[in-house]
Amino acid sequence: MDEARRFKILSELFDRARDLARPELESFLAEITDRGLREELASMVALDREGTVGVGPIIDIAGVFEQETAEPEFAVPERIGNYEILGLIGTGASGVVLRARQPETDRIVAIKVLGTGSWNPRALARFRREIRLLGRLDHPNIARIYEAGTDGEGLSARPYFVMEYVSGLTLVAWSRVLAERGQPMTDRLVPILDIFEQVVLAVGYAHANGVVHRDLKPANILVGANGRAKVLDFGVSGFLPETSASALDDTRIDTPTQSLPGHALTEQLVGTVPYMSPEQFDGASAVGHRSDLYALGVMLFECLAGELPYAIDRNSIPAAAAAIRTTVPPLLGHVDAALAGGIETVVAKLLEKDPADRYQSATELLEDVRRLRDGRETNARPITGLARARRRLRRGQWRASVDRWLGNRWLGNHRLVNHRLVGRMPAMLVLMILSILLVFVLLASGLAYTTFRWLDAEAKLARVAAQASETPGSGSRADPNAK
Amino acid sequence: MASPNPDSGSTQLSPQLIELVYGELRALAASYMRHQRSSHTLQPTALVNEAFLKIARSNSEAFASRSHFMAVAATAMRQVLINHAESKNAEKRGGGSRGIPIDPGMAAPDLGVAQVDVLAIEEGLRKLEKLDERKARVVEAKIFGGLSHEEIASVLGVSLSTVEGDWRMAKAWLAKEMRGTQSGE
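Computed from a prediction, not measured in an experiment: that's the story for all the values here.

1. Description of the overall build of chain B
- Within chain B one finds seven helices and two strands.
- Counted from the first residue to the last, chain B has its helices and strands arranged as α-α-α-β-β-α-α-α-α.
- Looking at chain B residue by residue over its 185 residues, the buried ones come to 55%.
- When the accessible surface of chain B is split by element, carbon and sulfur atoms take 50% of a total near 8,100 Å².

2. A few points about the nonpolar core
Residues and elements named next belong to chain A.
- Core analysis: the largest hydrophobic core is formed by 70 residues, its most contacted members being L296, L304 and I343.
- When residues of this core are sorted by domain, at least three fall in each of domain 2 (79-164) and domain 3 (169-384).
- Not counting residues within four places of it along the chain, the set of residues in contact with L296 comprises F196, V199, V200, V203, L216 and L365.

3. Quick look at the environment of I9 of chain A
- Secondary-structure assignment places I9 of chain A in helix α1 (residues 3-17).
- Sequence separation between I9 of chain A and L37 of chain A is 28 residues; the distance between their C-alpha atoms is 8.9 Å.

4. What to know about a nonpolar patch on the surface
Residue and element names in this part refer to chain A.
- Together, L86, I89, I108 and Y165 make up an exposed nonpolar region whose accessible area comes to about 300 Å².
- When you line up the elements, L86 lands in strand β2 (residues 83-92).
- By relative accessible area, which is 38% here, L86 ends up partly exposed.

5. Re the sheet that holds strand β10 (residues 229-231) of chain A
Residue and element names in this part refer to chain A.
- Spatially, three strands are ordered β7-β9-β10 in an open sheet, and the strand pairing comes out antiparallel. The open sheet has two edge strands, β7 (169-170) and β10, and neither has a second partner.
- Sheet topology places strand β9 (residues 221-223) next to β10; three bridges connect them, and they run antiparallel. Its bridge partner being in β10, I221 is matched across the sheet by V231.

6. Description of helix α7 (residues 185-208) of chain A
- Taking 1.5 Å per residue as the helical rise, α7 of chain A with its 24 residues ought to reach 34 Å, and the 33 Å between its terminal C-alpha atoms agrees with that figure.
- Immediately beyond the C-terminal end of α7 of chain A, within one or two residues, lies G210 of chain A, with a positive phi of roughly 80°.

7. Description of the side chain of N220 of chain A
Residue and element names in this part refer to chain A.
- One can find N220 in the loop between β8 (211-212) and β9.
- The exposure class assigned to N220 is buried, which follows from its relative accessible area of 4%.
- Those residues within four positions of N220 in sequence are excluded, and the remaining contacts are H213, D215, K230, V231, L232 and D233.

8. Some thoughts on the packing of aromatic side chains
- Inspection of every chain in the model, using the stated rule, returns two aromatic pairs over all chains.
- Between F7 of chain A and W173 of chain B, the ring centres sit 5.5 Å apart and the planes meet at 85°, which makes this aromatic pair edge-to-face. Remark: W173 of chain B occurs in helix α7 (residues 160-184) and F7 of chain A occurs in helix α1; the pair is interchain, linking two chains. Of the two residues, F7 of chain A and W173 of chain B, both sit in the buried class.
- Look at F127 of chain A and F161 of chain A: their rings are 5.4 Å apart centre to centre, the planes differ by 45°, and that puts the pair in the tilted class. One end of the pair, F127 of chain A, is in helix α5 (residues 121-136); the other, F161 of chain A, is in strand β6 (residues 158-164), with 34 residues separating them in the sequence.
- Classification of F161 of chain A as buried rests on a relative accessible area of 0%.

About the thresholds
- Residues numbered from 1 in each chain as written.
- Chains lettered and ligands numbered in written order.
- Predicted model: local features only at pLDDT ≥ 70, side-chain atom pairs only at ≥ 80, totals over all residues.
- Heavy atoms only, no water.
- Helix = DSSP H or I, 4+ residues; strand = E, 2+ residues; numbered from the N terminus.
- Buried < 20%, exposed > 50% of the residue type's maximum accessible area, 1.4 Å probe, protein only.
- Areas by Shrake-Rupley, 256 points an atom, 1.4 Å probe, with all protein chains shown as cover.
- Core = buried A, V, L, I, M, F, W, Y, C linked by side-chain atoms within 4.5 Å.
- Domains from an automatic or database assignment.
- Contact = heavy atoms within 4.5 Å.
- Patch = residues over 30% accessible without salt bridge, like charges linked within 9 Å, V, L, I, M, F, W, Y side chains within 5 Å.
- Salt bridge = Lys/Arg side-chain N within 4 Å of Asp/Glu carboxyl O.
- Pairing = 2+ DSSP bridges.
- Expected span 1.5 Å × (residues − 1).
- Phe/Tyr/Trp six-rings, centres within 6.5 Å; stacked < 30°, edge-to-face > 60°.

So, in structure tokens, the structure goes:
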């Protein structure tokens with residue numbers, strides 16, 4: 001029997017047995033033929049009666065935070081494996097990244113090491129996941145993994161992996177350099193789109209291999225001097241559900257564990273928040289490949305306009321979340337007139353709040369990026385003011401107010417409201433009113449017709465009656481039995 | 001594309017969102033401990049409510065409803081406590097992590113303050129998640145977030161009696177699981 005099914009049966013049996021008096025309980029248990037199930041149920045009922053020690057709401061966590069002291073700083077080692085460590089590149093969500101040299105080949109590499117302070121099973125699982133995930137991706141625009149290993153032994157053992165060292169500027173820094181050269185926007189557009197094409201290719205490749213990045217941001221996209229873009233840091237990415245089950249052993253996209261020393265978490269998030277999609281703030285929606293496309297939209301906007309699509313209060317996460325979820329970004333053309341037209345439409349489509357309104361795949365986006373670069377017309381169409389207003393009404397205020405109303409009154413949970421259905425509510429209302437009207441018209445016309453026939457019949461009757469009284473002989477003809 | 005509809009199915013909370021709330025909770029707790037120091041108790045519910053008030057002050061629409069936020073916070077709180085317990089364990093191998101006091105509930109046995117072994121709970125909870133997702137959510141919200149049954153019912157969109165039944169069954173099951181692993185070792 002499958003585990004979940006067995007548990008369901010156990011659960012049903014428990015509900016029936018839990019309040020039975022002793023003799024009834026005995027006979028209830030005796031009727032269960034499956035011995036394992038019977039014993040499990042018996043011990044659960046017993047525990048339920050004697051009090052389930054050790055399981056209950058936590059009432060005091062002061063002790064947890066008492067010892068929250070500064071964790072040890074990461075000491076940069078001289079060597080890791082066969083590699084000579086040259087320096088620290090940076091600290092990331094799951095450890096530190098070092099620059100190193102392989103003496104035999106003189107090759108410069110980057111080594112990501114899980115920090116000792118963050119050594120716990122979950123952080124380790126996440127680290128291993130990133131290794132497996134990178135091992136799965138082989139693309140010229142994704143930083144390649146060379147090898148993985150563990151440095152040291154016992155408690156001081158540190159898992160690490162060696163990857164391609166990418167020198168370059170982050171995407172946004174690169175675009176800033178481009179802007180500082182003073183070239184007009186029209187000259188900058190093509191190089192930016194060239195870089196973006198590579199990024200979209202990399203992201204699309206990852207998606208096709210069942211991997212969503214989920215943390216695309218300028219710091220994770222480097223542009224080398226050779227004009228090649230590389231996507232880095234799949235530390236919080238996850239496997240798409242379809243492929244996960246078959247391909248890997250521990251496949252659950254579990255929640256990555258924050259495990260940085262001290263308060264680095266907040267610094268991490270500062271760089272992350274503006275690129276998070278509206279659905280990432282909304283526990284209800286799925287965070288999927290279209291969230292990656294949103295992040296690309298924010299970066300494209302930033303590269304072109306030199307600023308984020310909306311002001312993000314970096315000190316307040318809730319305020320930032322609200323801005324991302326509700327503020328409609330300005331059109332690029334309003335920031336710089338040279339950006340009106342196709343590019344503006346593409347970026348606006350990437351920044352749509354509802355993933356269903358965005359490009360549906362990296363492939364779709366790639367097509368439009370290429371069209372833009374070649375000066376052709378894009379597939380994305382600008383949304384007219386009327387359509388936007390209608391959509392906003394349908395998806396925005398209308399939905400929000402229905403949500404609030406339904407959510408608070410009936411369900412207390414906005415997730416249960418079927419948005420598609422709610423979105424169509426105005427149309428459904430109109431349809432209902434029309435059908436009611438139609439029924440009325442039908443009824444009225446039926447009534448009118450009946451009245452007409454009635455009056456007509458009465459008139460005929462009156463005529464016949466009048467004829468009958470004029471010619472008395474006809475009466476005997478009508479009723480032969482009268483005689 | 002290889003996967004025609006990759007978005008479907010992954011409806012769990014965004015890891016970033018949980019990290020955000022996680023950060024808020026940790027920062028709040030840290031500042032609380034700095035100011036209160038010594039022998040004060042700190043209830044998860046108090047912390048979660050504080051975080052909610054802070055967030056609601058700056059924007060009332062940030063989260064759709066209080067109970068929904070509380071559920072997210074419960075998940076984040078679970079992370080905080082598990083991470084803490086794991087790092088404690090890694091520090092002093094085999095030393096055994098100090099328990100965290102819990103509400104002993106209705107039938108308090110005479111054992112002094114009842115304590116929860118967070119890692120044992122976590123192990124059972126992960127198993128439960130695979131068997132019955134809803135019961136696992138009830139347990140998480142109850143143990144880590146201190147949500148009331150009414151709040152849990154509203155978050156999960158089920159009736160109050162369902163929550164009560166789920167909690168009672170899951171509690172007995174977890175207690176059995178935890179006892180099983182202890183005597184087995």
